[in-house]
Amino acid sequence: MRTVRVAGAEFDVRDEGEGEGDTVLLVAGGGASGRVWDLHQVPALRAAGFRVLTFDRRPLPHARAAPDPHTVAVELLHVLAELDLPRCRAVGVSSGAEVVQELMLARPGLVTGAVLMATRCRGDLSGRAMADAERELAAAGVRLPPRYAAWQRAVLNLSPATWRREDELLDWLDLFEAAERAGTAPVPVPADGEPADRLAALGRVAVPVLVLGFEHDLIVPPWLCREVAAALPAARYAEIADCGHYGYLERPAEVNGALLEFLTGAP
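Residues numbered from 1 in each chain as written. Predicted model: local features only at pLDDT ≥ 70, side-chain atom pairs only at ≥ 80, totals over all residues. Heavy atoms only, no water.

### As for helix 8 (residues 222–231)
Condition: The cut-offs for exposure are 20% and 50% of the maximum accessible area for each residue type, with area from a 1.4 Å probe on protein chains only; residues under the lower value are buried, those over the upper are exposed, and the others partly exposed. Helix numbers and strand numbers start at the N terminus; a helix is a DSSP run of H or I with at least 4 residues, a strand a run of E with at least 2. Residue contacts are counted whenever heavy atoms from the two residues lie within 4.5 Å of one another.
Of the residues making up helix 8, those classed as buried are P222, L224, C225, V228, A229 and A231. Residues of helix 8 that are buried sit in contact with helix 3 (95–106), strand 6 (111–117), strand 7 (209–214) and strand 8 (235–240).

This is the structure we're talking about:
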């Protein structure tokens, strides 16, 4: 692991397979550790011969804890330059996919192909209402009991199909409750952290892109993903059934299949 310091944060970068194949950068969603990819996506990519970069971002004391995707993208540009990486493929999920969008816009030629999962290119009423409610709850000093917060997180992020598999659901609830008790659960997005409208800007992205939507995603509904795909000149859209916002963890075989089919075919 290598630590790279930029203006607002330190990046702990894990590099698996250096010198072995084309590089794939994995960008997790806001608040998630880069190790979220280790269970399913990193092994699949390594088995296919790719070099894989994952990272954790730690804000410096003077910096905001939840920066916008553009800020993280600018920081990542410095990190990748420090790693002497002139080009890569990139995979992002949720706000991590928005970071990948910003990388493609900021430095054409850096990202030669991208997979954007559970992504959007603008805010929507549902997302704003949820963010406003979470900020109001936090401002009131209310902290939900860990078990209730875990249940709520499961409702918002998992598919009804997962809820029917009770042994699997129990594991998710235990995981979410442990995160709540450890204080590592997601924090509300700042009021000025809502996504900017990038619909028109995405028309400048010329590289191949696969946009993956998750059928039962309440956080980023599939229609927002389709909107991103329609805005990108060289994109195609695919939808993974029976999964919610955590589709890449709920349906890893299906997601990895789509991921590898695209990455092995992209230039």
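Back to the write-up after that little detour.
### Topic: the packing of helix 5 (residues 146–157) against helix 7 (residues 166–182)
Short version of the rule: Throughout, an axis means a line fitted to C-alpha atoms (over the contacting stretch in the case of helices), and angles, computed between N-to-C directions, take values from 0 to 180 degrees. Here the angle decides the label: under 35 degrees means roughly parallel, over 145 means roughly antiparallel, 65 to 115 means roughly perpendicular, and every other value means oblique. Handedness of a helix crossing follows the sense of rotation of the near helix relative to the far helix, less than a right angle counterclockwise being left-handed and clockwise being right-handed.
Remark: helix 5 packs on helix 7, axes separated minimally by 8 Å, with the N-to-C direction vectors making an angle of 125°. By the angle class used here, helix 5 and helix 7 are oblique. Like other packed secondary-structure pairs, helix 5 and helix 7 cross with a definite hand, here right-handed. Contacts from P146, R147, A149, A150, W151, R153 and A154 of helix 5 reach helix 7 at L173, F176, E177, A179, E180 and R181.

### Here's the deal with the pattern of salt bridges
Applicable threshold: Salt bridges are defined by distance alone: a side-chain nitrogen of Lys or Arg within 4 Å of a carboxyl oxygen of Asp or Glu.
Considering all chains together, one arrives at 17 salt bridges under this definition. For R35, the salt bridge identified is with D38, shortest N-O distance 3.3 Å. For R35, a relative accessible area of 47% gives the class partly exposed. Taking relative accessible area as the criterion, D38 reaches 25% and is therefore assigned partly exposed.

### Considerations on the sheet that holds strand 5 (residues 88–93)
The criterion, for reference: For two strands to count as paired, DSSP must find a minimum of two bridges between them.
Judged by pairing direction, the sheet is mixed, and its eight strands sit side by side in the order 1-2-4-3-5-6-7-8 without closing on themselves. Of all the strands in the sheet, the pair left with one neighbour each is strand 1 (2–5) and strand 8. Strand-to-strand twist across the sheet, computed as the mean angle between neighbouring axes with direction ignored, equals 20°. Along the sheet, helix 2 (residues 69–82) contacts strand 1, strand 2 (9–16), strand 3 (23–27) and strand 4 (51–59); its crossing angle with strand 2, the most-contacted strand, is approximately 55°.

### Focus: the state of the cysteines
Selection criterion: Two cysteine sulfur atoms make up a disulfide if the distance between them is within 2.5 Å.
Under the criterion given, the structure shown has zero disulfides. Of all cysteine sulfurs in the structure, the one in C121 sits closest to C225, which takes part in no disulfide; the separation is 9.7 Å. On the accessibility criterion, C225 (0% relative accessible area) is buried.

### Some thoughts on unusual backbone geometry
In most cases, non-glycine residues show a negative phi, while peptide bonds are predominantly trans. Of note in the backbone geometry, A118 takes a positive phi value of approximately 50° without being a glycine. Take A118: it is sitting in the loop between strand 6 and helix 4 (125–139). Look at A118 and you get buried, because its relative accessible area is 1%. In this structure, D242 is a non-glycine residue whose phi angle is positive, near 55°. Inspection of the secondary structure puts D242 in the loop between strand 8 and helix 9 (247–250).

### Examining helix 4
Where we set the bar: Expected helix span is taken as 1.5 Å per residue step, with the number of steps being one fewer than the number of residues. The arc in question is formed by the directions pointing from the helix axis toward the C-beta atoms.
A rise of 1.5 Å per residue sets the reference length of helix 4, with its 15 residues, at 21 Å; its end C-alpha atoms lie 21 Å apart and thus fit the reference within 8%. Along helix 4, the positions that sit buried rather than exposed are G127, A131 and R135. End-on, the buried residues of helix 4 take up no more than an arc of 65°, which puts them together on one face. Exposed side of helix 4, more than 90 degrees from the buried face: L125 and E136 are the residues found there. Directly beyond the C-terminal end of helix 4, a positive phi value near 75° is found at G141.

This is a description of form; function is not addressed.
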